[in-house]
Amino acid sequence: MSGRALQFCFSRLDRGRCGMWARMNRAAEEFYARLLQELNEEKKGVCKDPFFYEADVQVQLISKGQPDLLKTLLNENSSVFLVEKVLLEKEETSHVEEPQAEETAISDFSTSENIRPLALPVGRARQLIGLYTMAHNPNMTHLKIKQPITALPPLWVRCDSSDPEGTCWLGVELITAKDIITGVVLYVVTCKADKNYSEDLENLKNSHKKRHHLSAVTARGFAQYELFKSTDLDDVVTPSQTTVTLDLSWSPVDEILQTPPLSSTATLAVNHDAAAVDRSVLITVREDLDFAEQLWCKMSSSVISYQDLVKCFTLILQSLQRGDIQPWEYFISPSVAIQEQIYRVQKLHHILEILVICILFIKPQHELLFSLTHEKPQKWRVEISSNQKKVKTVWQLSDSSPIDHSSFQKPDFSELTLNGSLEERASFINMVTCSQVHFK
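A few points on the structure. (Residues numbered from 1 in each chain as written. Predicted model: local features only at pLDDT ≥ 70, side-chain atom pairs only at ≥ 80, totals over all residues. Heavy atoms only, no water.)

Turning next to the overall build of the protein chain. Regarding its fold elements, the protein chain presents eight helices and twelve strands. Relative to its full complement of 440 residues, the protein chain shows a buried share of 45%. Of all intrachain contacts in the protein chain linking residues separated by at least 6 positions in sequence, the fraction that spans at least 24 positions is 68%. Counting only carbon and sulfur atoms, one obtains 53% of the accessible surface of the protein chain, whose full area is about 24700 Å². (Helix = DSSP H or I, 4+ residues; strand = E, 2+ residues; numbered from the N terminus. Buried < 20%, exposed > 50% of the residue type's maximum accessible area, 1.4 Å probe, protein only. Contact = heavy atoms within 4.5 Å. Areas by Shrake-Rupley, 256 points an atom, 1.4 Å probe, with all protein chains shown as cover.)

Listed below in structure tokens is the structure:
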């Protein structure tokens, strides 16, 4: 090839590269501008539906209802941009699935309550993370972005786990010093289902040290045990479900799946199934709610701690003393209509649930609580971090999928026992890793 021909080839290659960079620059500018617009409108109190970016992406700025899997990394009170795939009309019928354990953070994204969120291909998610990072880099002075750059909330993208690692989330969060953007923290969340899992705590610690150039790290353990789950006896009116869990945390951690020591911090929590119909539907069905029904409706939606329980019963006793309320009890009689008997059985069931939850709340002995930990937990997690840097590595084992993407590939449980322990059943293994990128 002659020198002139070679020069022509390089000239075409340069033009191609310039065109690619120009498109990336415009994409970064447009993506940043659209996110900034959403942030400014949110500050003005303007509540909006998710907005569309290009043909395949939709984004929403939320401050509550973050997916459970991300709450270990985020401040629950802070805002975050959640990104997912646009639901196309032809995809609606192919993605109607059973709701999963994790609450859907962007409920308005879907046109039907039974349609789960859609995830983007991992490559597309990386592209969006790159545009967000480019736009915040103060060295990219050629971008048409007003200086100083306004820092945006973290960005999290649902991923379809199409890569070998099983990436289900990608996230990016800014690093700031005195209101100046100095870099970003990049997060990778993976999820796999496997009956034969193995992990070594020292390997996790050493990987964290190597990744973040640390000499020492600390490990904190978390375990969750399910103590009580309500039955579906009252499904005639509303298919709700209440669970009481024992949440334990401790440090240091000696090994993976360590039984929580007696020195652990213990918390009893009442949880409600977010996919269930709200108990307020009772009011729309019947307006003549008696004392027990009203008490249950109020408690099931507001009591989440021992202190709440004490306050609730204090108010009830005060009202009884004043004569403001006069609860009564009744027994099933053959002369009563079948429908009325059903309502009465439901009321008795509600009272029983209240009593069980109350018993669990009345400050049981510390040692008694820990006797319950002989069973395998529903969730076990270790977080590895350091005081030197605000980064962490998380390894979690759970008996149910924490991912609610419709494209997440669930394992075949046909060969598994329904009542098997965490070790016998296929478990879901989550890994969260992060890396810091500093702008120079």
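Turning to the layout of surface pockets, a few remarks are in order. Taken as a whole, the second largest pocket holds about 450 Å³ of empty space. For the second largest pocket, the lining is made up of 20 residues, of which Glu 173, Leu 174, Val 185, Tyr 187 and Lys 390 are closest to its centre. Those elements giving two or more residues to the lining of the second largest pocket turn out to be β5 (167-177) and β6 (180-194). (1 Å grid on protein atoms, 1.4 Å probe; cavity = no way out; pocket = protein on both sides within 12 Å on 5 of 7 lines; lining within 4 Å. Points joined across faces, edges and corners; volume = space filled by probe spheres on them.)

On to the environment of Leu 186. Relative to the helices and strands, Leu 186 resides in strand β6. When its relative accessible area of 26% is taken as the criterion, Leu 186 is described as partly exposed. Put simply, Leu 186 and Gly 171 are 15 residues apart on the chain and 5.8 Å apart in space, counted from C-alpha to C-alpha. Apart from residues lying up to four places away in sequence, Leu 186 is in contact with Ile 129, Thr 133, Gly 171, Val 172, Thr 433, Cys 434, Ser 435 and Val 437.

By the criterion of burial, strand β3 (residues 80-85) is predominantly enclosed, with five of the six residues buried. In the sheet, strand β2 (residues 57-62) pairs with β3 via six bridges, with the strands oriented antiparallel. Paired with Gln 60 across the strands is Leu 82, a residue of β3. One ladder, built from three bridges, connects β3 with strand β4 (residues 155-158); its direction is parallel. Bridge pairing links Phe 81 to Leu 155 in β4. (Pairing = 2+ DSSP bridges.)

Next up on the list: the packing of aromatic side chains. Counting across every chain of the model gives five aromatic pairs. Look at Trp 380 and Trp 395: their rings are 6.3 Å apart centre to centre, the planes differ by 65°, and that puts the pair in the edge-to-face class. Linking Trp 380 in strand β10 (residues 379-385) with Trp 395 in strand β11 (residues 392-398), this pair joins segments that are 15 residues apart in sequence. Each member of the pair, Trp 380 as well as Trp 395, is classed as buried. Grouping aromatic residues by their ring pairs yields a cluster made of Trp 156, Trp 169 and Tyr 187. In this structure, Arg 34 is placed above the aromatic ring of Phe 51, and the distance from its NZ or CZ to the ring centre is 4.1 Å. One cation-aromatic arrangement involves Arg 381 over Phe 222; the distance from NZ or CZ to the ring centre is 4.4 Å. (Phe/Tyr/Trp six-rings, centres within 6.5 Å; stacked < 30°, edge-to-face > 60°. Lys NZ or Arg CZ within 6 Å of the ring centre and 35° of its normal.)

To continue, consider the pairing of β2. With six of its six residues buried, β2 lies for the most part within the structure. Both faces of β2 are covered, namely the face carrying Val 57, Val 59 and Leu 61 and the face carrying Gln 58, Gln 60 and Ile 62. As paired strands, strand β1 (residues 51-53) and β2 are joined by three bridges and run antiparallel to one another. Within β2, the position partnered with Phe 52 by the bridge is Gln 58. Here β1 hands over to β2 after three residues, with Glu 54 in that stretch at a positive phi of 55°.

In the structure shown here, the tally under the stated rule is zero disulfides. Free of any disulfide, Cys 168 has its nearest cysteine sulfur in Cys 191, 5.3 Å distant. By relative accessible area, Cys 191 is classed as buried at 3%. (Disulfide = S-S within 2.5 Å.)

Let us now look at the environment of Leu 174. If you trace the backbone, Leu 174 turns up in strand β5. In the structure, Leu 174 is positioned 264 residues away from His 438 in sequence and 9.9 Å away in space, judged by C-alpha atoms. Apart from the residues lying within four places of it in its own chain, the contact partners of Leu 174 are Tyr 132, His 136, Ala 151, Leu 152, Ile 181, Gly 183 and Val 184.

The next subject is the pattern of salt bridges. All chains considered together, the criterion is met by eight salt bridges. Here Arg 158 makes a salt bridge to Glu 84, at a shortest N to O gap of 3.1 Å. Highlighted residues: Arg 158 in strand β4 and Glu 84 in strand β3, separated in sequence by 74 residues. Each member of the pair, Arg 158 together with Glu 84, is buried. The partner of Glu 202 in a salt bridge is Lys 205, and the shortest N-O contact between them spans 3.8 Å. Of this pair, Glu 202 and Lys 205 both sit in helix α3 (residues 201-212), three residues apart, roughly one helical turn. Among the residues examined, Lys 205 registers a relative accessible area of 16% and is labelled buried. Residues joined in a network through salt bridges with shared partners are Glu 54, Asp 56 and Arg 124. (Salt bridge = Lys/Arg side-chain N within 4 Å of Asp/Glu carboxyl O.)

Moving on to helix α2 (residues 122-136). Owing to its 3.6 residues per turn, the α-helix brings residues three or four apart onto one side. Under the 1.5 Å per step criterion, the end-to-end length of α2 is 22 Å for 15 residues, consistent within 8% with the ideal 21 Å. Burial runs high along α2: eleven of the 15 residues are buried. Every buried residue of α2 is listed here: Val 122, Arg 124, Ala 125, Leu 128, Ile 129, Leu 131, Tyr 132, Thr 133, Met 134, Ala 135 and His 136. (Expected span 1.5 Å × (residues − 1).)

Attention now goes to the environment of Val 188. Structurally, the position occupied by Val 188 is in strand β6. C-alpha separation for the pair Val 188 and Met 431, spaced 243 residues apart in sequence, amounts to 8.0 Å. Once residues lying within four places of it in the same chain are set aside, the contact partners of Val 188 are Thr 167, Trp 169, Leu 170, Met 431, Val 432 and Thr 433.

All quantities given are derived from atomic positions and should not be read as evidence of function.
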